[in-house]
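Descriptive structure summary
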Amino acid sequence: MTTKESDSIIYSSTVIDFVTVAVEFCLFLENENSVQREDWIGKMLKLLPLIYVKASLLPQNTFAQEESLELFVKEADYNRVATSVAQIMGDENVYLDVFVEDMKYSDRPVSAFVSENIADIYQDVRNFISIYQFGLTEQMNDALFVCKQSFENYWGQRLVNVLRPLHALSYKSTDDDETDLLSETDITKEELWD
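The model shown is predicted, which means the values in this text are computed figures rather than measured ones.

Before going further, it helps to spend a moment on the overall build of the protein. When you go through the protein residue by residue, the secondary structure sums to seven helices and two strands. Starting at the N terminus and ending at the C terminus, the protein contains elements arranged as α-α-α-α-β-β-α-α-α. Taking all contacts inside the protein whose residues are at least 6 apart in sequence as the whole, residues at least 24 apart take part in 77%. Looking at the protein as shown, the accessible area adds up to about 11,700 Å², and 52% of this sits on carbon and sulfur atoms.

Given below as structure tokens:
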């Protein structure tokens, strides 16, 4: 791939859109200020679908270099994000996951953790934007390739999985309020739509 072709890919609007959302996601997770669970969940429910859409639109490219890319997210960084999310989520950090490989061979539900899924997404996205910020064409091209492959094979599924418990937590009180409202007025949900 020529430098001109690579430049047209790595600076395309779809890649820049992904970079923009990815930076906002990482900065939010790296923020040391305490955030209430409801606010944190609300922000994640806005960022995660955007990241998914923007990542799914990333263009196909090829790996250009022979050496592997530098990893910027160290174990301590991963653990810091996972611990922070676990503290915010509290007892709601654990959820049942049906889209894991182990579920095929288990007659019991498989537990997953919001904190681990978010940290997994963070790790790949942060490595991508860390390389991208240096502005070196070949490394940016390869970081894009690795990020897209990882999205397709790994963290894209984790992102979708973690949306379910976050959605349930965010709208749990709304569903209860709606049920209370319906019982008070003796109107069914179907009648509301008529």
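Continuing now.
Right, let's get into the pattern of salt bridges. Counted according to the given criterion, the structure contains seven salt bridges. The closest approach of N and O atoms between Asp120 and Arg158, which form a salt bridge, is 3.2 Å. Here the residue Asp120 occupies a position in helix α5 (residues 114–132), and Arg158 occupies one in helix α6 (residues 137–185), the gap between them amounting to 38 residues. On the basis of relative accessible area, Asp120 is assigned to the buried category, the value being 7%. Residues participating in the shared-partner salt-bridge network are Glu32, Asp77 and Arg80.

Mapped onto the elements of the fold, Asp97 is located in strand β1 (residues 94–97). Among buried Asp, Glu, Lys and Arg side chains, Asp97 stands out as unpaired, with Arg164 the closest opposite charge at 4.3 Å. At 3.3 Å, the side chain of Asp97 forms a polar contact with the side chain of Asn161.

All right, on to the packing of aromatic side chains then. On inspection of all chains with the given rule, the structure shows six aromatic pairs. Ring centres 5.1 Å apart and planes at 65° place the aromatic pair Tyr52 and Phe151 in the edge-to-face group. Residue Tyr52 is located in helix α3 (residues 37–56), and its partner Phe151 is located in helix α6; the two are separated by 99 residues in the primary sequence. When the ring centre of Phe28 is taken as reference, the NZ or CZ atom of Lys43 above it lies at 5.8 Å.

The rules behind each value
Residues numbered from 1 in each chain as written. Predicted model: local features only at pLDDT ≥ 70, side-chain atom pairs only at ≥ 80, totals over all residues. Heavy atoms only, no water. Helix = DSSP H or I, 4+ residues; strand = E, 2+ residues; numbered from the N terminus. Contact = heavy atoms within 4.5 Å. Areas by Shrake-Rupley, 256 points an atom, 1.4 Å probe, with all protein chains shown as cover. Salt bridge = Lys/Arg side-chain N within 4 Å of Asp/Glu carboxyl O. Buried < 20%, exposed > 50% of the residue type's maximum accessible area, 1.4 Å probe, protein only. Lys, Arg positive; Asp, Glu negative; His and termini not counted. Polar contact = N/O pair within 3.5 Å; in protein donor to acceptor, adjacent residues only side chain to side chain. Phe/Tyr/Trp six-rings, centres within 6.5 Å; stacked < 30°, edge-to-face > 60°. Lys NZ or Arg CZ within 6 Å of the ring centre and 35° of its normal.

All quantities given are derived from atomic positions and should not be read as evidence of function.
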